[in-house]
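What follows is each chain in one-letter form.
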Amino acid sequence: RHLLLLSSLALSHGLRLFEPGKSYLYEVETGLAVGTGGGAYQQAMSGAKFKGLAKFQATEDTVNIKLYASNLRAQSFFNGPFEQGYSPFEERERRTEFELHDEEQLPDYSFSVEYVDGTVKSITVPDEAPAWVKNIMRAFASSFQIDLQNLESEPFWYSQEKMLHGDCKVQNNIENQQDSFYRLKKAVSHNADCVPVEKQEHFRFVNSLDGDTCNQDKKMTPKLFNKMLADTENHHELLDEIDEQDIYEEPLSSKTWLTVDLQKTEEDEVFTVHKLETHGSVTVQPFQEDGVSHYSVVSRDFTLINVTDTVEDVDVTGTTFENLYYRFSNDKPWNLEVDLKEQESFFNNEFAHFQSFYAVDADIADDQETMQDAFYVAMQEFVEEYTTDNVNDKTREHINNLHKNGILVLKPFLMKLNYDSLYSLKERFLQEAEEVRHGVLVKNLFREIVSATGSNPSALLVKEMVMKEEYDTDFTAARELLSVPFHIHRPTQNLVAAFKELLEFDGGDYVKMAAPLAYTTLVRRTCEADYTGDCEQELIKPAVEETFKEFESVDTEDIQELNKYMSMFSNLRWGELYKLLKPIILGQTKHKDMFSIRAKAILAATPGIIDAGVEEEYFLPLIMDEYENHEVRIMAFENLMKGIPSKTTFIKIVTAMYWERDYEVFNYIFTSFERFATSQKMQPCGRRTKEYARYFLKYWKEHMWLRPKYSFGISKTYSRSFKDEQFGYGGQFEYHTIGSHKSSSPIAVFGEVRGSQFQGHEMQIFGLYVRVQGLGARVMKMIKDFDFFNKKENLNTDALRDILFEQMKVKEKNKEPLRLEIVFKMKNDILFQQYWDENSFGSISEFVKNAQKMVAEGHLSFNEDRIFNFPTLIYEMPTDIGMPIAYDVQAALLGSLNAEFDRDDHDQKIDYSSNLAFQSNNGLSLFYGKKLAFGIRQNRVYKHHFGHQIKFGIENKEAENHITISLSVPEQSKPLSLLMHSETTLEIISNKLTEMPAVLESSCPACKQQYVLTRGENWKKNENFLDLVSEEWGMQAKASYFDCEAPFASSTGNFFDNFASYFNKENKTPRDFYTAFTFGLIQLNSFFLYFPHAESCGVAFEWSQTSYNPVSEMELSFRGDLADNMKSNDGQIRLKGDFKLIGDIVREHQVFIKYEYENDRPNVHTLREAFPKQAFSMKLVRKQFDLGAFNVPEYSVCADLNQKLSTENDKYFFLDLNSEQKTVLDGAISFGPSGSCETNDHQFKVSGISSTTEEARKQLKSKWYYYSCMAQKKSKEYTNFPLTDPCLFTADDLYTLRHFKFNIETINLPAWLENSLYKVETWGQNYLLPYWEMELESQQNGFTRYNNIKQEQNVEIDLVFHSRQKTIDLEVQRVSQKSMFKGMKYWVSDNGDVSVEDYLPSSVFSPAMGILHNHDILNYCTASNKHIRTYDNVTYSYKMHDCWTLVSGHCAEDPEYA
């Protein structure tokens, strides 16, 4: 009966953690810290520790908890390094024990928690407690809960618990059990396992990066999600459509793990917790395992001291909450009525500001006047540092000053100022602009910074300055206005309403352009910052509908106005915009034939279309409609690929392309497939789409009848990219062309530069769209009207006009309408949009005439200071102890350019000076209440200076006109210089404008408020890796790393190894040398921009005059002439130049270049430009001069090269597969202390024969174009050699040279050159060691023909390319040995279409002509008796008959042929 009664009580009350009527006293120890560590980094942290008591008092329904004030007051602080494996809080000599001198005395607080079976149901917190204390109470309850229902029955299970981060799925497992004692382990990942409660996320995010985060590919597409909502009965079938994905590690991870020791009391079903340990961590790792990372760790341990009967009840009154999620104190909903003039805070917690810098003992949260004065001082100190010419100063004092007085120091002050304070500062700087030193610069800086501050008062000030026309220029006003939506932290409907007033403002042209763009961007950004989900329906959708209604009323002739609304739509993006634009996209409105407007509608609607998962429904019908305009089809395809096209969609597109008649569409889609296929491994997002493209591209190539081209003007796309595998970032450039059916020039070109980070985030850095419709024909007409190109005197154009247009009544071809447009985008938002047409040419011409007049008048000056504020990222979230952390990333660039332009009778002169200051930092801060923050921050500063005088003009010398260019060499006091330094700092920040808390200094002499991460002076490297000083040249260049503990600077060799790795082809696409070099430079720049190392390091470079015998100016003057024999097609090009290094001593150099060509082939027009005989000679001479007592003798370097191609011209047209084609080459390089090439001491002589190979001729017969060409030759359609693509491909392949033999003779080389060549040869042999075979001289094998020649004077090289195996064989024969390297694989592009063979020379075409033909700069048209092939690669069929017929004619205004 008693057991039944106990069971009934257990069932009625559930399992308990506390026995009613009992009081449980726990000792509570709390720790918190931020730091960095791991790998080779030094272990260091900044943090604090608490110890106090908490009383848990149980009643029947709730547990009342008394939180003693000691739990809210830190007792031990630490800031600095520590040894791995030791806790810094245990080292007494490194601890600080003190109470903050200004901390308010907090009382004890009580709260209550209602449990159900050990998990939290609700919490009641006192209303009088500060917000941060209430969050600590929620953290207590979040940690102190256990799912008791499964404790005895399951060794492992998941429980659903209310936690500080939302409703979380918590992993539980029993680690140990002995009798009634249990050890329970709990773990939860906040990002993966917690969902928001009441539409409240557990984080706050200010993110103006506006990129895409991808998890390889989405598991569930929007389309599948919508289908699941509509079809609730067949979920299991729909789930089969979900593709598996790789696990992608977020750059920020947050997790909790707990250990609980508890004991069960059998009599009353009570589990007593003896010890509970809570640990939480937040790790920010943006650069993978090898890069810099920041972490935050917190812990709270409950240790049971005693259990007693309750004597005195703990009273709790307050507000009850059904959840535990963290409340941010500065949260303001988007629709809250706020005063836009009130001050704001940087973070969403109680901590008042961002960083502390200056020793002013005043609370910045309240004293606006003090903040104004502090900002004024900070501005003056920054400007003083910025304008000082000390870039080459690498002392610790100067570096500290750069970090302390960087440009990012200024912004936090403005964030805390209200509107009145900002207005007061604006007026002060405006008044002082012409009165104080650097006043104009200070005024400009304030104007630039205030627009990027991110607060409502600053945004309101910018808006009012625009409407009052207080900016210097209309363009500046527009730029500052557009900056506001990018940087605003907490936009609200009140700010949106204020910016809407700008739509009616009658300002300048640029402000009229910027106002609607800024307004629509702000509307969208307001809702992107909303976490409730109501904003889109209540703010964006009405704005979209209102804008669309205005758009519908615009006349179709007003293209500029239509473009404006399309730009507004593009910036709005959401609010079901895609539904309104659907009829326009599909051509169902009055805009049906306005293809550019429809293309822009596709761009504007794409985000909403993809989010709704209907991209195939919208875009696929357009792509498949062969009668649709090609521009619309191309844009539909491009944006379809941004979604998640299915495999079926790919099959449809590829099948349609087999029979596609529009070459523009075919070429664009095919080149897109190639772009996707080659960038698969370089870009993290859309990998499934790229895998499909790679898969289908293989089969498409096998069955297509058209061939793609990348020539000028045709529709195409391509990209270049890199990816840093070690640190996870990358970059990409995409280029797109939309061609025209009516012109060889394109309709539009557009492209974008994108960056990727964390292996899973992509963002647009900037994009540019340029429409040039109709421009090509007008530019060509202008060129033809120049006397040099005008050949009309040789053409009877009047007679041809009469025949074509009068007698034959052929319709004259109308010019394509002129439509020019420029659209500039950043972060996918349109910032600039301008349109011109025929009617705008007057204003353009007027602008050009005014510019020409200003230049002709002789003097122009330019003085501009501009700040580019990079996007800001602020991520805030709670820790498990109830105290928040924040990770922020900021960057800003200030550039100043002062330039003057003067003109005299001969020269134009430009004097310019440019300074660049860049600062970027990222940091993790953990906030203790509203008084302290513990931070770790990586801070990077850059300071560059450039300044030159440039002169250029035409000067008459010796009755010849010389083009002259000169460049000044900077003085040593003002060198061309670049400096960068990075350091990581640990800091305890007080909520005061104070340099250092006095109590910290007195109580812990070993600790510092700021600690710069370092492993000691012995680890710092200070070395020059470039030190060139030449009195002969009068210049010096130096580069060094200093104060550097980064691993790449461990030695100069390691530094250069790392430097060389950036130019590796393996992490670039396409894998060619051009991309390896250009994107290697971009990768190197990205490394120094991000600098993914925690250690301090600086890099500097400077170029200037030497101390002795300096050169102050470099001058180059040159002239050239062209002699051409029109009858024999022979001629020569000569170039003569003088290069002077001018100082007190003038160093004169001369350059002579001559190129001769001769054509001994039959006079066949098609190949006249090939020039089978060519000769090139160059001579560089340094004149003798004296450097004091030292005589610098005359010196020359000479080079000669002669080449003779095959003269059997006619065989090109008959494709002789039996003859071997040969090219003969000979050349020489000589140098020495002489002005004559004939008397130079040191010489290289080269002779060689290049030929085609039998192997390649046999291989040719297996290729598609050979079969097509042979079929065309046999047909009756052509009476002579078919000038078709297959036959030209066949001829190029047949006459490509693949076998090269060279004999190199060296004469009297200097020792330094011989040593260098030996090193190069040794390196090459080592690199090619796996392929190396060697034979030594013997009586059997010979090699005796060089016995009478001095060793090492002659080398024979035999190089063969095997096209079938795609390998190279190389033989290098010296006097006594032969080295052979067999079967070396040569480079082939990822898609297999391009290889080294495509760059091999031809026995018919010179390389220059080959390039021009490959890019269709030189083209041809041909006619047979059935087809005509035009210049733009379009083939038309027709029937030949006995009458005279116009097959092709030039139907332009001035026809040139028929």
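Residues numbered from 1 in each chain as written. Predicted model: local features only at pLDDT ≥ 70, side-chain atom pairs only at ≥ 80, totals over all residues. Heavy atoms only, no water.

A. Quick peek at the overall build of the protein chain. Helix and strand content of the protein chain: 35 helices and 52 strands. Long-range contacts, defined as pairs at least 24 residues apart, comprise 69% of the intrachain contacts of the protein chain with a sequence gap of at least 6. Surface accessibility of the protein chain: about 67,900 Å² in total, with carbon and sulfur atoms responsible for 53%. (Helix = DSSP H or I, 4+ residues; strand = E, 2+ residues; numbered from the N terminus. Contact = heavy atoms within 4.5 Å. Areas by Shrake-Rupley, 256 points an atom, 1.4 Å probe, with all protein chains shown as cover.)

B. Broad picture of the nonpolar core. Counting residues in each nonpolar core, the largest one holds 136 residues, and the members touching the most others are L581, F673 and W700. Here this core gets 10 residues from one element, more than from any other, and that element is helix α14 (residues 509–528). Y24, L324, Y928 and M980 belong to the second-largest nonpolar core, a separate cluster that totals 102 residues. (Core = buried A, V, L, I, M, F, W, Y, C linked by side-chain atoms within 4.5 Å. Buried < 20%, exposed > 50% of the residue type's maximum accessible area, 1.4 Å probe, protein only.)

C. Representation of helix α34 (residues 1311–1327). Helix length check: α34, at 17 residues, gives a terminal C-alpha distance of 24 Å against a target of 24 Å (1.5 Å per residue), a fit within 8%. Within α34 the residues assigned to the buried category are L1313, G1324 and Q1325. Across the axial projection of α34, the buried residues extend over an arc of 105°, all falling on one side. Summarising the geometry of α34, the exposed residues directed more than 90 degrees from the buried face are A1311, W1312, Y1318, K1319, W1323 and N1326. (Expected span 1.5 Å × (residues − 1). Arc of directions from axis to C-beta.)

D. Looking closely at the state of the cysteines. Per the stated rule, a full pass over the model turns up 5 disulfides. The side chain of C527 participates in a disulfide bridge whose partner is C535; the two sulfur atoms lie 2.0 Å from each other. On the sign convention where negative is left-handed, the bridge of C527 and C535, at about -65° about the S-S bond, is left-handed. You'll find C527 and C535 in the same group, each marked buried. A sulfur-sulfur separation of 2.0 Å characterises the disulfide bridge that pairs C1044 with C1097. Handedness here is read from the sign of the S-S torsion; for C1044 and C1097, about -85°, the answer is left-handed. Pair noted here: C1044 is in strand β33 (residues 1035–1044) and C1097 is in strand β35 (residues 1097–1105), with a separation of 53 residues, a long-range link. The buried category is assigned to C1097, whose relative accessible area is 0%. (Disulfide = S-S within 2.5 Å.)

E. Spotlight on the side chain of T1253. With respect to the helices and strands, the residue T1253 is situated in the loop between β44 (1242–1251) and α31 (1254–1260). Sequence-distant contacts of T1253, that is, excluding residues within four places in its chain, are made with R1298 and H1299.

F. Region of interest: the environment of E1194. Along the chain, E1194 turns up in the loop between β41 (1190–1192) and β42 (1195–1204). When its relative accessible area of 29% is taken as the criterion, E1194 is described as partly exposed. Measuring from C-alpha to C-alpha, the distance between E1194 and K1183 comes to 4.8 Å, with 11 residues separating the pair along the chain. For E1194, the residues in contact, after removing those within four places along its chain, are V1181, R1182, K1183, Q1184, G1232, P1233, S1234 and G1235. Here G1235 takes part through its backbone nitrogen, which lies 3.5 Å from a polar atom of the side chain of E1194. (Polar contact = N/O pair within 3.5 Å; in protein donor to acceptor, adjacent residues only side chain to side chain.)

G. Molecular detail of the packing of aromatic side chains. With the rule as written, the count across this model stands at 77 aromatic pairs. Ring centres 5.3 Å apart and planes at 15° place the aromatic pair F18 and F56 in the stacked group. With F18 in the loop between α1 (2–13) and β1 (22–36) and F56 in strand β2 (residues 44–58), the pair connects residues that are 38 residues apart, well separated along the chain. Relative accessible area serves as the criterion here: at 1%, F56 is assigned to the buried category. Summarising the aromatic geometry, the rings of F666 and W700 are spaced 5.8 Å apart at their centres and angled 85° between planes, so their arrangement reads as edge-to-face. (Phe/Tyr/Trp six-rings, centres within 6.5 Å; stacked < 30°, edge-to-face > 60°.)

H. Quick look at the packing of helix α19 (residues 615–624) against helix α21 (residues 647–658). Contact geometry for α19 and α21: axes closest at 10 Å, N-to-C directions at 15°. In terms of orientation, α19 lies roughly parallel with respect to α21. Here α19 and α21 pass one another in a crossing that is left-handed. Contact residues: α19 offers E616, L620 and M624, while α21 offers T649, K652, I653 and A656. A breakdown of the residues in the contact of α19 with α21 according to their chemical character gives 4 nonpolar, 1 polar and 2 charged. (Axes fitted to C-alpha atoms, helices over the stretch in contact; angles between N-to-C directions. Parallel < 35°, antiparallel > 145°, perpendicular 65-115°, else oblique. Left-handed = near helix turned anticlockwise from the far one by under 90°. Nonpolar A, V, L, I, M, F, W, Y, C, P; charged D, E, K, R; others polar.)

I. Inspection of the side chain of Q368 at higher detail. Inspection of the secondary structure assignment puts Q368 in helix α6 (residues 368–387). Polar side-chain contacts of Q368 include one of 3.0 Å to the backbone oxygen of K416. From its side chain, Q368 meets the backbone nitrogen of N418 in a polar contact 3.0 Å long.

J. Molecular detail of a nonpolar patch on the surface. Judged by side-chain polarity, F952, I954, I963 and I965 come together as a nonpolar surface patch covering roughly 330 Å² of accessible area. For the nonpolar patch, the secondary structure elements donating two or more residues are β28 (932–957) and β29 (960–968). With respect to the helices and strands, the residue I965 is situated in strand β29. I965 gets classed as partly exposed once you look at its relative accessible area, which sits at 40%. (Patch = residues over 30% accessible without salt bridge, like charges linked within 9 Å, V, L, I, M, F, W, Y side chains within 5 Å. Salt bridge = Lys/Arg side-chain N within 4 Å of Asp/Glu carboxyl O.)

K. A look at helix α18 (residues 595–612). The first and last C-alpha atoms of α18 sit 25 Å apart over 18 residues, in line with the 26 Å expected at 1.5 Å per residue. Where α18 bends most, at A605, the angle is about 50°, and the proline P607 comes one to four residues later. Of all 18 residues that make up α18, 14 are buried, and the element is covered over most of its length. Just beyond α18, the residue with positive phi is G613, at close to 75°. (Bend = angle between axes of the 7 residues up to and from the residue.)

L. View of the pattern of salt bridges. Evaluated as defined, the whole model comprises 58 salt bridges. Taking the shortest distance from any N to any O, the salt bridge between R490 and E344 comes out at 3.7 Å. Taken together, the residues R490 in the loop between α12 (474–487) and α13 (493–500) and E344 in the loop between β17 (319–321) and α6 connect sequence positions 146 residues apart. Looking at R490, the relative accessible area reads 10%, which means it is buried.

M. Fine view of the confidence of the model for the protein chain. On average, residues of the protein chain score 83 in pLDDT, and 84% of them reach the 70 mark or higher. Counting interchain partners and residues more than four positions distant, the pLDDT-below-50 stretch residues 235–248 has 26 contacts. Counted against residues more than four places away or in other chains, residues 354–365, with its pLDDT under 50, gives 47 contacts. (pLDDT = per-residue confidence, 0-100.)

N. Focus on the pairing of strand β49 (residues 1377–1385). Bridge count for strand β48 (residues 1367–1373) against β49 is 6 bridges, and the pairing is antiparallel. When the sheet's bridge partners are listed, Q1373 is paired in β49 with K1378. (Pairing = 2+ DSSP bridges.)

O. Spotlight on the sheet that holds strand β51 (residues 1427–1429). Ordered in space as β50-β51-β52, the 3 strands form an open sheet in which the pairing is antiparallel. With partners counted over all chains shown, the strands left at the sheet margins are β50 (1422–1423) and β52 (1435–1437), one partner each. Here β51 runs beside β52; their pairing, made up of 3 bridges, is antiparallel. Bridged to H1427 within β52 is S1437.

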